[in-house]
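Structure at a glance
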Amino acid sequence: MCWLSRMSCLSNPLGYQKWFISVLLVIFTATVQASPSGATDEDITQGTLVYFAKDKVIQALAMDTQVSMDVSGLLNRVTVKQVFINDSDQWLNGRYVFPLPENAAVDSMQLRIGDKIIAGQVQPKKQAIKTFETAKKQGKQASLLQQQRRNIFTSEVANLGPHDQLVVELSYQQTLDFNDGLFSLRFPMAITPRYHPDNTSNKDKQALAIAYIDPTVLPNTVAETSNTQGINVNMQITIDAGFTLNTINSLYHPIKQSVSGQRYTVSFEGKQIADRDFVLQWQADVGGLPQAATFYQTGKTHSAAVNPDDNITTTAGDQSVYSLVMLMPPSVEVSEQHLIGRELILVIDTSGSMSGQSIVQAKQALQFAIAGLRDIDTFNIIEFNQDISLLSPVPLTANSHNLGLANRFISTLEADGGTEMAPAIQAALVDTLQTESVNARGESLLRQVIFMTDGAVSNEQQLYQLISDQLGDSRFFTVGIGSAPNSDFMRRAASMGRGTFTYIGKETEVKQKIEQLLTKIEQPVLTNIGLYYLDGSVPDYWPSTISDLYQNEPLWVSIKSPSQLLQPIIVSGNINGQYWQQQLDFTDNKPARGIDLLWANAQITALELHKNAASGPRVNKQVEALGMQYHLVTSQTSLVAVDVTPVNPMSDTTINANVQSHLPHGLQVGNQAQILPQTSTSSRLWLLIGFSLLGLGILHFLWLRQRLPGQVLVIEANV
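Notes on the structure in this doc start here. (Residues numbered from 1 in each chain as written. Predicted model: local features only at pLDDT ≥ 70, side-chain atom pairs only at ≥ 80, totals over all residues. Heavy atoms only, no water.)

Structural notes on unusual backbone geometry
Backbone torsion omega between Trp542 and Pro543 reads 0 degrees, so that peptide bond is classified as cis. Even without glycine at this site, His163 takes up a positive phi of about 55 degrees. A residue is classified by how much of its surface remains accessible, and His163, at 52% relative accessible area, is exposed. Positive phi, close to 60 degrees, is recorded for His631, a residue that is not glycine. Secondary-structure assignment places His631 in the loop between α12 (616-630) and β36 (637-646). What makes His631 buried here is its relative accessible area of 9%. (Buried < 20%, exposed > 50% of the residue type's maximum accessible area, 1.4 Å probe, protein only. Helix = DSSP H or I, 4+ residues; strand = E, 2+ residues; numbered from the N terminus.)

Structure (C-alpha cells):
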C-alpha cells in the first residue's frame, strides 16, 4: 500500500479571496501613506510652519513678509523680514526654505523672539549645525541660516514657544543688472522643484531634500490659494540713482511709486502672493546713462570671525581698499556686409516642470528665433526631457522649406518627463558638431547654442563641467523660462559657455527679448578682456576670467588693493580684432558700504564654478576661509544665533515643523493628487508595483506551505 501518492490544495474560495484582497489593501495603503501626499494637507502653503501631531496636520501661519531695498547708484542693500506666529499649544522646532538672488552676499541675520534680539554669528557649517543642535537639546531658543544652493537658503528655529512670535531678519548686498540701457533688480519669491537625474550625487539629493517636504507633491496655489493664505509679501524700495529717471516699471506685480527730487519710492499695491519672481526696471533720461562708475570701501564691513581649527590671521585694522568697477565698452555698429553667418542650435526643455505657461513661452521663443534667421545661417532644434530628439541629424539651411519643417516640429512639442540635461548639452556641443561649419556660400559660421529651460535640476556642477569640457569654439547662451526659473544655474552656465543669460517671465516679452538676444549676439563687442596696473602688475580682481561682452553689456569687476598701492587701472581687450584699452583713474570714486562683501562673493562664485572632484577639498577650505573672514553665508559657513537661557524644559518632546512652498505661477499640476507632471521618475508607481509583487510572492510561498486561511490538505492514497 502506498501511503501518499499525490497532494493537492483545496481552499475555501470566499475566505481565500477576502484574505487576498485584505493583504493587497494593506500593501496599497502602506504605500500611499509612505508618500508625503498621504499626509500633506491641501491648504499648506509657503511660509507656513507645518508639523504633525497624532496624524493630524497642524499649522502656524506666517503673519507677514517684509522686504526693504535701498538702491544707491548700482548697489542694492536688502533686508528680508519674515514674521511667524505659533498659534498652537505646542513647542516647535521650525524649518523653512526661501530663494534669494544668486548674486546675494548674505552677511547678517537676526532672530527676534518676543522682545529678544539675537544676532547671528558666522561659523564653519558643521560647527554651526553642532552649535544649533546642542542648543535645541538644551531647550534654548536658537536659529540657523544655511545655504543649500547659491540661490536657495534654509533657516531652522529651535524651541519656539506656544503662542509666541518669531521674526527672522536677514540682510544681503548685491549689484544691479544694467543691460541695453535698463537698470533692473530681481527678487525671487518661489522655487521650482528640482529634478534629480539618476547619477545625481547623494550629497546633492540630501541638500535639496532639506529644502522641500516633497517637490513632487505640492498645493496648486495658482488656482486655490487666496491672498489671505500662505506667504504674502510687502515690498518697499527706495532708489537714489544719482540722476533723473525716465520710467520705472514692474514687469509682473502692480506697484505704487512716488518721487522727491532724484529719490524714488516704490511699493506693492497691497500684499502680493509669493508665487513668482519680482522684477523692477528703470531707465535714465537721455544722456543720463553712465559709461563708467567706481565705488570703494576701506577696510571690512565685519570683523573677521575666528575659527580655532584654522591658522587664519587677520588684522583688526585692515586698510585694504575694495573697489567695484562698472565700465560700458564703446558701442560698435556692424554693417550688413560684415555680418557673420551663424550655426544656431536651439535647445528646448520639454520636461514636466515646463508645463503650463512655460512651454507656451518656450515654443514661442523657438518660433521667433527661427523667424530671425538669415539665408546665410544654418540651424537645428533639439528637444529634451528624459530623452532627446532632433529636428535633423545635421544643421539645416535657413530656407522656407526647412523653416516650415521646424515650425511643424515645434507645434508637436509637449511638456512631460524628466529633466536629463546632460545628454542634451552633449548633443548640442558635440554630437551635432560638424567637421567644418559652413553655409550654402561656403562661408565659415559662428556656432551658437541657445538653451531654453527653467533650470529645474540638481546636478548643476556636473553640467558646468560638461560645458567647460565640450564647449570648443561654440558659445552657450541660456534663456530662463517661467515665473521662477533657476537663474543661478543659467547665469553660471552662460558664463562658463562664454555667452549671456536672458530671462523671459511672460508671453508678451517673448518676441522682444528673443529679437534683442539675436541682435546682441551677432558678434561679441569686446573679447580677451584683462586688467592691470600702470606699472604692469595685476590687481586682485574677480572674476579673474571675464567673459566676452556683447552689445550694450557692461563690464563688472571687483578689486582688492593695498591702500598704499591704489593707482589707476588699465582695462584692455579686442574690438573687431583691434586692440582697445581704457584707463580708470578712480577720480570719481564714490564711497559705499559692503563692497568687500561683493569682492569676496565674486571670488567664491568663481572658485565654486570651476570646482571638480580633484580641487573640491581645496576649494571648500578657501570658501570657508573667505566666509569666516567676511562674515558671509556660503556653502561652507553658516550663521547661527543662540539665546543663553534655556526656556523649554520639554525639549525632547518638541515637535519638528517644516515648510511647504507655493508652486510657481503658471505651473500646471494634476487634478487628483496635485502631483507635478512627470519632472521626475515614476518612483511611486514602481514602489506600488514592487510592494504588490512582494505581496503576491508571499501569498505564493504561504500557499506552498499550506498556511493560507481556509486551506485544506487532501491526501489521496492508492490501495
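Next comes the rest of the account.
Considering the sheet that holds strand β35 (residues 590-591)
Read from one edge to the other, the open sheet built from five strands follows the order β31-β32-β22-β21-β35, with strand pairing classed as mixed. Sheet topology places β31 (540-542) and β35 at the edges, where each strand pairs with a single neighbour. The sheet contact formed by strand β21 (residues 292-298) and strand β22 (residues 321-327) spans seven bridges and is antiparallel. Pairing of Ala292 across the sheet is with Leu327, part of β22. Strands β21, β22, β31 and β32 (555-561) of the sheet are contacted by helix α11 (residues 595-609), whose axis makes an angle of about 75 degrees with β22. (Pairing = 2+ DSSP bridges. Contact = heavy atoms within 4.5 Å. Axes fitted to C-alpha atoms, helices over the stretch in contact; angles between N-to-C directions.)

Points about helix α2 (residues 125-137)
Between its first and last C-alpha, α2 extends 19 Å over 13 residues, near the 18 Å set by a 1.5 Å rise per residue. All of the buried residues along α2 are Lys125, Ala128, Phe132, Ala135 and Lys136. What you see down the axis of α2 is that its buried residues fit within an arc of 105 degrees, all on one side. What points out from α2, more than 90 degrees from its buried face, is the exposed set Lys126, Lys130 and Lys137. Just past α2, the residue Gly139 takes up positive phi, approximately 80 degrees. (Expected span 1.5 Å × (residues − 1). Arc of directions from axis to C-beta.)

Regarding the packing of aromatic side chains
Evaluation of the coordinates by the stated rule reveals 12 aromatic pairs. With a centroid separation of 5.6 Å and an interplanar angle of 65 degrees, the aromatic rings of Phe477 and Tyr550 are classed as edge-to-face. One end of the pair, Phe477, is in strand β28 (residues 475-481); the other, Tyr550, is in the loop between β31 and β32, and 73 residues separate them in sequence. Tyr550 matches Phe477 in its accessibility class, with the two residues each being buried. Members of the aromatic cluster, joined through ring pairs, are Phe178, Phe183 and Trp282. Just above the ring of Tyr503 sits the side chain of Arg186; from NZ or CZ to the centre is 4.9 Å. Over the ring of Tyr630 we find Lys300, and its NZ or CZ is 5.3 Å from the ring centre. (Phe/Tyr/Trp six-rings, centres within 6.5 Å; stacked < 30°, edge-to-face > 60°. Lys NZ or Arg CZ within 6 Å of the ring centre and 35° of its normal.)

Details of the packing of helix α5 (residues 357-371) against helix α10 (residues 510-520)
As a packed pair, α5 and α10 sit with axes 9 Å apart at the nearest point and diverge in direction by 45 degrees. As the angle between them shows, α5 and α10 are arranged oblique. For the pair α5 and α10, the sense of crossing is right-handed. Between α5, through Gln361, Gln364, Ala365, Phe368 and Ala369, and α10, the contact on the second element is made entirely by Val510, Lys511, Ile514 and Leu518. In terms of residue class, the contact of α5 with α10 is built from six nonpolar, two polar and one charged. (Parallel < 35°, antiparallel > 145°, perpendicular 65-115°, else oblique. Left-handed = near helix turned anticlockwise from the far one by under 90°. Nonpolar A, V, L, I, M, F, W, Y, C, P; charged D, E, K, R; others polar.)

Some points on the pairing of strand β27 (residues 446-453)
In terms of residue burial, β27 counts as a mostly covered element, since seven of its eight residues are buried. The sheet contact formed by β27 and β28 spans six bridges and is parallel. Across the sheet, Met452 pairs through a bridge with Val479, a residue of β28. In this fold, β27 hands off to helix α8 (residues 460-470), which returns the chain to β28; that crossover is right-handed. (Right-handed = clockwise from strand over helix to strand, strands pointing away.)

Details of the side chain of Arg150
Following the sequence through the fold, Arg150 ends up in the loop between β10 (140-149) and β11 (152-160). One buried charged residue, Arg150, remains without a salt bridge, the closest side chain of opposite sign being Glu608 at 4.1 Å. Reaching out from Arg150, the side chain makes a polar contact with the side chain of Thr605 at a distance of 2.5 Å. Aside from chain neighbours lying at most four places away, what touches Arg150 is Pro101, Glu102, Asp488, Arg492, Asn601, Ile604, Thr605 and Glu608. (Lys, Arg positive; Asp, Glu negative; His and termini not counted. Salt bridge = Lys/Arg side-chain N within 4 Å of Asp/Glu carboxyl O. Polar contact = N/O pair within 3.5 Å; in protein donor to acceptor, adjacent residues only side chain to side chain.)

Here's the deal with the packing of α5 against helix α6 (residues 400-411)
Axis separation between α5 and α6 bottoms out at 10 Å; the angle between their running directions is 175 degrees. Regarding the angle of α5 to α6, the classification is roughly antiparallel. Along its contact with α5, which presents Lys363, Leu366, Gln367 and Ile370, the element α6 presents Leu403, Ala406, Asn407, Ile410 and Ser411. For the contact of α5 with α6, the class distribution of residues is five nonpolar, three polar and one charged.

Side note on the sheet that holds strand β16 (residues 245-250)
Across the sheet, four strands lie side by side as β13-β14-β20-β16; this open sheet has antiparallel pairing. Because the sheet does not close on itself, it has two edges, and the strands there are β13 (177-179) and β16. Recorded for the sheet is a direction-independent mean angle of 20 degrees between the axes of neighbouring strands.

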